[in-house]
Amino acid sequence: MNMDDALREGMSVDGAIGIALVDAGSGMLLAKQGGNSVFDLEVAGAVNTEVLRAKLRAIEALQLNDSVQDILVTLDAQYHIIMPLARNADEQLFLYLALDRSRANLALARHQLRRVEQAIRL
């Protein structure tokens, strides 16, 4: 499955606002689907890079021998899921999915995002 097809699959989740593949090293989007004039995926990707970095610093400071599977941010009207791709240490990529909370099923969305992550890893 190519990148665009994988992200389109992510957008098939009920309530999906936008999905992006983000380079955590630079905060730049490598690919995206969705978003709109009110929800700028470019800005969201860059800002959520800092969220992921903060969590990784916390894991290191606590000397936890662990990794981030995903990060869920729950807002009044939205869910935001940050899911690092399981790749080699040189590639710091993550999927970012924004959902309309009133329409989304969080469990199904996380499951679907994991399928997208698996498709991108291949």
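Remember, predicted model here, so these are calculated numbers, not experimental data. (Residues numbered from 1 in each chain as written. Predicted model: local features only at pLDDT ≥ 70, side-chain atom pairs only at ≥ 80, totals over all residues. Heavy atoms only, no water.)

Moving on, we get to the side chain of N48. Here N48 lies in helix 2 (residues 41-61). Residue class for N48 comes out buried when judged on its relative accessible area of 8%. Apart from residues no more than four positions distant in its own chain, N48 is found in contact with H80, I82, F94 and Y96. (Helix = DSSP H or I, 4+ residues; strand = E, 2+ residues; numbered from the N terminus. Buried < 20%, exposed > 50% of the residue type's maximum accessible area, 1.4 Å probe, protein only. Contact = heavy atoms within 4.5 Å.)

Another point: the sheet that holds strand 2 (residues 29-34). Here we have five strands laid out as an open sheet, ordered 2-1-5-4-3, and antiparallel in their pairing. In the strand order of this sheet, the two ends are held by strand 2 and strand 3 (71-74), each with one partner. Direction aside, the axes of adjacent strands within the sheet are offset by 10 degrees on average. (Pairing = 2+ DSSP bridges. Axes fitted to C-alpha atoms, helices over the stretch in contact; angles between N-to-C directions.)

A word on the pattern of salt bridges. Applying the stated criterion across every chain, the model contains six salt bridges. In this structure, the salt-bridge partner of E42 is K32, at a minimum N-O distance of 3.9 Å. On the criterion of sequence distance, the pair formed by E42 in helix 2 and K32 in strand 2 is long-range, its members being ten residues apart. A residue is classified by how much of its surface remains accessible, and E42, at 37% relative accessible area, is partly exposed. (Salt bridge = Lys/Arg side-chain N within 4 Å of Asp/Glu carboxyl O.)

Time to look at helix 1 (residues 3-11). Buried within helix 1 we find A6, L7, E9 and G10. Burial along helix 1 is one-sided: seen end-on, the buried residues are contained in an arc of 150 degrees. (Arc of directions from axis to C-beta.)

Further remarks concern helix 2. Between its terminal C-alpha atoms helix 2 stretches 30 Å, which fits the 30 Å expected from 21 residues at 1.5 Å a residue. Along helix 2, the positions that sit buried rather than exposed are L41, A44, G45, N48, T49, L52 and I59. Buried residues along helix 2 cover an arc of 145 degrees about the axis, so they all sit on one side. Of the residues in helix 2, the exposed ones pointing more than 90 degrees away from the buried face are R57 and A61. In this structure D40 caps helix 2, since a side-chain oxygen of it lies 2.9 Å from the backbone nitrogen of E42. Where helix 2 ends, the next residue or the one after it, Q63, has phi of about 55 degrees, a positive value. (Expected span 1.5 Å × (residues − 1). Polar contact = N/O pair within 3.5 Å; in protein donor to acceptor, adjacent residues only side chain to side chain.)

Before going further, it helps to examine the pairing of strand 3. Two elements, strand 3 and strand 4 (residues 78-84), share four bridges in a ladder whose sense is antiparallel. Among the inter-strand pairings, L72 is bridged to a residue of strand 4, identified as I81. Counted along the chain from strand 3 to the antiparallel partner strand 4, the turn is three residues long.

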